[in-house]
Amino acid sequence: MSVFRPAVLAVALATALSAGTFAPQARAATAPVVDIAYDSFTLPNGLRVIVHTDRKAPIVAVNVWYHVGSKDEPAGRSGFAHLFEHLMFNGSENNPGEFFGPFKQVGATNQNGTTNSDRTNYFENVPTTALDMALWMESDRMGHLLGAIDQKTLDEQRGVVQNEKRQGQNQPYGQVWDVLGKAMYPVGHPYNHSTIGSMNDLNAASLDDVKTWFKTWYGPNNAVLVLAGDIDLATAKEKVAKYFGDIPAGPTMAQPKVDVAAHTKDSRGEMTDNVPQSRIYRMWNVAEYGQPDLDRLQLFAQVLGGGKSSRLDRRLVHQDKLVDNVGASAFGSQLGSNFMITAAVKQGVDVAKVEAAIDEELQKLLKDGPTADELARARTSIQAGWIRGVERIGGFGGKADALAECAVYTGDPGCFRDSLKTLGDATVASVRATGNTWLGAGKGSHTLVVNPGKRVDIPEEPAVTPAPFKLPAVDKKYATTASAVDRKAGVPVTTSFPDLKFPSLQRATLKNGTKVVLAERHDIPVVQMSYEFRGGQSADPAAKLGTASFAMGLLDEGAGDLDALAFADRAESLGANLGASAGLDSSSAYLSSLKQNLEPSVALYADMLRKPRFEQADIDRVKGQWIAGIKQEKVNPGGIIQRVVPGLVYGSSHPYGAPRTGSGTEASIAGLTRADLVGFHGSALRPQDATLVVVGDTTLGEIVPVLEKHFGDWTATGAASAASTLPAVAPQKKPRVFLIDQPGAVQANIVAAQLAPSSMDPAAVAFDMANMVIGGDFTARLNMNLREDKHWSYGARSGAGNSVGPRMWTASAPVQIDKTAESVAEMKREIADFASGKQGATAEEVSGMQKILTLSLPGAYETAASVMGTIGSNLLYGRPDDYVFKRKAEIEAMTPAQVDVAAKALDPNALTWVVVGDLSKTEQVVRALNLGEVTILDADGKPVAKK
């Protein structure tokens, strides 16, 4: 449930693109066509239904889009669309209580709701056998909601939304979007105000107001329902008519006229924030969603600043070394879109110099257009992104989203095909012309620069007395159909569920000793692989924290005969995604390849792993970016917690006590040498001790020869690092409190932490079940208390992650700062009552969490990435291939008494508490709780002397 900024246009999607002109080394086969076939029908009440059949998993994606967003809010009612989205999750007349409840009982996945300027959507993936339940629930809140909304519910969700707003404002650069909206659009334009709205307008929302909002916008004739997955047209027609046919239509609401509001001259503004470096935002208003010009602007953006070898990256990052990162993108919206360039300016660099360089590169591209090779690479990159995106049927950006988006904004569910054709037909001349039409002479932009300094909160808009809502008449052309559904009988009960299926694994061993594990997946023409190596961040030398992550991150900065830019060019031309990273206990290198480019993509992947260049110029450049990233972590409350809490729980000298981000410290990164990186590569990336996991559109007979060709003779260049045993960690004996100052913060970020059983411990699954009860799910105790009951937080959670050694369990909640002490007290009480058995796990809680963890499994492996992740975890933690089935059985057999025993691992009298917030508002109230000894730390976790 969130505000959702317009995504980079989903139709920057190339499926039937022309091959374009490739440089000789980058020539690739014509890309395959990946389409989304669909059928559609409309009920007499105006509900439009789109059906896509995909039988790869026994799940159906249910996606409902209402054509209403913040653009439809009159003066004085900003934030209504998003506030109402939250209200839609608080039950309906025939199913009072949390909307999530019935879905949790059937193992729904990817369930959420979002609001942006143009639409509000609600979506979930459910097992095929639970489709009746899902349609009953969606139809009940569409047709039977108003009786369930009362003042208490309104007040509760108003508070949650306001804390969501505070949470966004509390982030570095978090006020930028409010400022840009007002700068880009004149007063009265539907896009002038933010989707989340003003505090004043949210406070003024009355019960009558929100009910009228529902009557106005939430009729079936203003909605599109997409059903995608394990379903066919006949089934959809029968079930949708049954559950939705008797819902009366609402008024036919006119959409605002398209108003791009293009600027005729440049403008600029500046602001300060508690940030470590200046950031530049330059934005233009451009063609609306569905226009061919917006598709061509996607290509223009990709060439200008869409990748590691784009023009802005080449100039500002590599050549002039003026910025730590830079990018360009286009955001599609209904009334008009935005083209934006962003740049994080290196500390000490003149912002004006960066702006001049950006403009110079922009003007060159406007003058000459992209080269034929740049255009071809941009198309291939966009095409690959589309193919990977449509692997998902539901969730953010899946096939259901693509169909709904096209239907709502253009009336044509298949509008993506027009975009694909536009992208395929684009030429150097047409991309150049489009760039000049929208970004050239006479088309002004607005530049906003955020500089380091004191955070200055943007003042709230003054309260405005809104005009009364007037409910238009309903068009008589709509009709209802009779329904035999007995709403009073309650939600349909799902009595059977699909079986969990996990791909069978095939194995081989390469000549160099690498074990290969393959899971075939033939739904999209993509092959993914991950080379899994033992040893990760926890193996970093104490004086060189960050070595593993830095070295792995540098693998794709040039390899073999290709320098960093040529390597990026090659990957883009192939539509390949490559990268490497270090986890706590292991390191891995990743490839996602289009099937038709598999051989050259694996060749590039092999060079990355076997022949990284580690050129000193690249090391120095990336060091600067890395250190800038550490500084950013230290002004972000979440980053501070990730950096500081592990050292408090494990001790700063323990291998797990380093910053959990893996980024190290400024000093440790600055001190890394090329010899350190070469040494890590030779000792840690040992193929004879590694496993290569492959998932996707290939067979063992096809892939093994390719892997043998490129990896079969690869052997480690250095001696293996001495095996190290993780030292024991002494459990905490008494509670401690640490306070970290974040001046001007409007929220406090609270964390309670302690040790938990290792992922390899036989008690781990039982502990994870106990965690689910206290804070592992939206419906768990902490969230239901601090968010749904008290509405002091946008969300409270707990979890322990995974590790070979003792895990770190944390319970966390960002809360409004005037409720800091009360929230800490509630968290302590909830943990203590659960751990002591005073309020042990109930049968209902355990049953509910069992269903969440097990019934969701058939839909959990929809993507190749999810399968690959599970295989990798099984390898790391020494689990059998059938572990997913064994774990499922263990969870299903668990009793409340066993969960209560596991909960005793939580020790409320020995927690490490960390509170990040404005010390002037947190210190005294937290001290008054008498939780334990209080220490004030800085963002590095070092004690601060009391003034």
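None of these values were measured; they are calculated from a predicted model.

1. Remarks on the overall build of the chain
And then number 1: Within the chain one finds 32 helices and 26 strands.
And then number 2: In summary, the chain has a C-alpha radius of gyration of 28 Å against a globular reference of 30 Å for 947 residues, a match within 12%.
And then number 3: Across its three principal axes, the chain shows a C-alpha extent of roughly 80 × 70 × 65 Å.
And then number 4: A burial count over the chain gives 61% of its 947 residues as buried.
And then number 5: Taking the intrachain contacts of the chain between residues at least 6 apart in sequence as the baseline, contacts between residues at least 24 apart amount to 83%.
And then number 6: If you sum the accessible surface of the chain, you get close to 34300 Å²; carbon and sulfur atoms cover 53% of it.
And then number 7: Between the centroid of the 95 positive side chains of the chain and the centroid of its 104 negative side chains there is a distance of 2 Å.

2. Overview of the nonpolar core
And then number 1: The biggest cluster of nonpolar side chains holds 56 residues, and the ones touching the most others in it are F84, Y218, L225, L227 and F244.
And then number 2: By residue number, the principal contributor to this core is helix α3 (residues 131–143), which donates seven residues.
And then number 3: Leave out the neighbours within four places in its chain, and F84 touches Y122, L145, I149, V210, W213, F214 and Y218.
And then number 4: L510, A571, L591 and L707 belong to the second-largest nonpolar core, a separate cluster that totals 52 residues.

3. Some words on the side chain of E708
And then number 1: Within the element layout of this structure, E708 appears in helix α23 (residues 700–711).
And then number 2: An unpaired buried charge is present at E708: no salt bridge exists, and K511, the closest side chain of opposite charge, is 5.0 Å distant.
And then number 3: Residues in contact with E708, not counting those within four places in the same chain, are T509, L510 and K511.

4. Here's the deal with the packing of aromatic side chains
And then number 1: For the coordinates displayed, the defined rule picks out 30 aromatic pairs.
And then number 2: On the numbers, 5.8 Å between centres and 80° between planes, the contact of Y66 with Y122 is edge-to-face. Of the two residues, Y66 sits in strand β4 (residues 59–66) while Y122 sits in strand β8 (residues 120–127), which places them 56 residues apart along the sequence.
And then number 3: Classification of Y66 as buried rests on a relative accessible area of 0%.
And then number 4: Judged by its relative accessible area of 0%, Y122 falls in the buried class.
And then number 5: Between the aromatic rings of W284 and F339, the centroid separation amounts to 5.9 Å while the plane-to-plane angle is 75°, which identifies the pairing as edge-to-face. Residue W284 is located in strand β11 (residues 279–286), and its partner F339 is located in strand β13 (residues 337–345); the two are separated by 55 residues in the primary sequence.
And then number 6: Under the relative-accessibility criterion, W284 is labelled buried at 1%.
And then number 7: Taken together through their ring pairs, the aromatic side chains of Y66, F84, F89, F99, F100, F103, Y122, F214, Y218 and F778 make up a single cluster.
And then number 8: For the cation-ring pair, R141 lies above F99, with the distance from its terminal atom to the ring centre recorded as 3.6 Å.

5. What about the confidence of the model for the chain?
And then number 1: Averaged over the chain, the pLDDT score is 93; the fraction of residues at 70 or greater is 96%.
And then number 2: Note that residues 4–30 has pLDDT below 50 and, in this model, 81 contacts with residues that lie over four places away or in other chains.

6. Remarks on the pattern of salt bridges
And then number 1: Following the criterion strictly, the structure yields 61 salt bridges and no others.
And then number 2: Salt-bridge contacts for R268 lead to E355; the nearest nitrogen and oxygen are separated by 2.9 Å. Placement of R268 in strand β10 (residues 267–273) and of E355 in helix α11 (residues 351–368) is noted, with a sequence separation of 87 residues between them.
And then number 3: Residue D359 pairs with R282 through a salt bridge whose shortest N-O separation is 3.0 Å. Residue D359 is found in helix α11, and its partner R282 is found in strand β11; the two are separated by 77 residues along the sequence.
And then number 4: Looking at R282, the relative accessible area reads 12%, which means it is buried.

7. Considering the state of the cysteines
And then number 1: The tally for this structure, following the rule as stated, stands at one disulfide.
And then number 2: With a sulfur-sulfur separation of 2.0 Å, C406 is cross-linked through a disulfide to C415. Between C406 and C415 the sulfur-sulfur dihedral comes to about -75°; the bridge is accordingly left-handed. No difference in accessibility class separates C406 from C415, as the two residues are buried.

8. A closer look at the environment of A864
And then number 1: Among the secondary structure elements, A864 is positioned in helix α29 (residues 864–876).
And then number 2: Looking at A864, the relative accessible area reads 5%, which means it is buried.
And then number 3: Residues A864 and K488 lie 376 residues apart in sequence; the distance between their C-alpha atoms is 42 Å.
And then number 4: Apart from the residues within four sequence positions on either side, A864 is in contact with E391, R521, Q528 and V695.

9. So, the packing of helix α12 (residues 372–389) against helix α14 (residues 415–425)
And then number 1: Put simply, α12 and α14 touch, their axes get as near as 11 Å, and they point 160° apart. For the element pair α12 / α14, the angle class is roughly antiparallel. As α12 packs across α14, the resulting crossing turns out to be left-handed. Residues R379, I382 and W386 of α12 form the contact with α14, whose participating residues are F416, L423, G424 and D425.
And then number 2: The residue makeup of the contact of α12 with α14, split by class, is four nonpolar, one polar and two charged.

10. Describing the side chain of S549
And then number 1: Position of S549 relative to the elements: it lies in helix α16 (residues 547–553).
And then number 2: Engagement of the side chain of S549 in a polar contact is seen with the backbone oxygen of G662, the distance being 3.2 Å.
And then number 3: Sequence-distant contacts of S549, that is, excluding residues within four places in its chain, are made with Q537, A582, W626 and G662.

11. With respect to the packing of helix α18 (residues 598–610) against α23
And then number 1: The geometry of α18 relative to α23 is characterised by a closest axis approach of 9 Å and an angle of 35° between their N-to-C directions. Here the hand of the crossing between α18 and α23 comes out right-handed. Only I703, V706, L707, K709, H710 and F711 of α23 make contact with α18, whose side of the interface consists of L598, E599, V602, A603, Y605, A606, L609 and R610.
And then number 2: Residues belonging to the contact of α18 with α23 are distributed by class as follows: 10 nonpolar, one polar and three charged.

12. Side note on the sheet that holds strand β22 (residues 747–756)
Backbone hydrogen bonds are what pair the strands of a sheet, in a parallel or an antiparallel way.
And then number 1: The sheet built from six strands is open, its strands ordered β23-β24-β22-β25-β21-β26 with mixed pairing. For this open sheet the edge positions go to β23 (797–799) and β26 (933–937), each flanked by a neighbour on one side alone. Mean inter-strand twist for the sheet, computed between neighbouring axes without regard to direction, equals 20°.
And then number 2: Strand direction decides the pairing type here: β22 and strand β25 (residues 912–917), joined by five bridges, are antiparallel. Among the inter-strand pairings, I750 is bridged to a residue of β25, identified as V915.
And then number 3: Along the sheet, helix α20 (residues 637–650) makes contact with β21 (736–741), β22, β24 (807–816), β25 and β26, crossing β22 at roughly 30°.

Quick notes on the rules
Residues numbered from 1 in each chain as written. Predicted model: local features only at pLDDT ≥ 70, side-chain atom pairs only at ≥ 80, totals over all residues. Heavy atoms only, no water. Helix = DSSP H or I, 4+ residues; strand = E, 2+ residues; numbered from the N terminus. Rg over C-alpha atoms; globule rule 2.2 N^0.38 Å. Buried < 20%, exposed > 50% of the residue type's maximum accessible area, 1.4 Å probe, protein only. Contact = heavy atoms within 4.5 Å. Areas by Shrake-Rupley, 256 points an atom, 1.4 Å probe, with all protein chains shown as cover. Lys, Arg positive; Asp, Glu negative; His and termini not counted. Charge placed at Lys NZ, Arg CZ, Asp CG, Glu CD. Core = buried A, V, L, I, M, F, W, Y, C linked by side-chain atoms within 4.5 Å. Salt bridge = Lys/Arg side-chain N within 4 Å of Asp/Glu carboxyl O. Phe/Tyr/Trp six-rings, centres within 6.5 Å; stacked < 30°, edge-to-face > 60°. Lys NZ or Arg CZ within 6 Å of the ring centre and 35° of its normal. pLDDT = per-residue confidence, 0-100. Disulfide = S-S within 2.5 Å. Axes fitted to C-alpha atoms, helices over the stretch in contact; angles between N-to-C directions. Parallel < 35°, antiparallel > 145°, perpendicular 65-115°, else oblique. Left-handed = near helix turned anticlockwise from the far one by under 90°. Nonpolar A, V, L, I, M, F, W, Y, C, P; charged D, E, K, R; others polar. Polar contact = N/O pair within 3.5 Å; in protein donor to acceptor, adjacent residues only side chain to side chain. Pairing = 2+ DSSP bridges.

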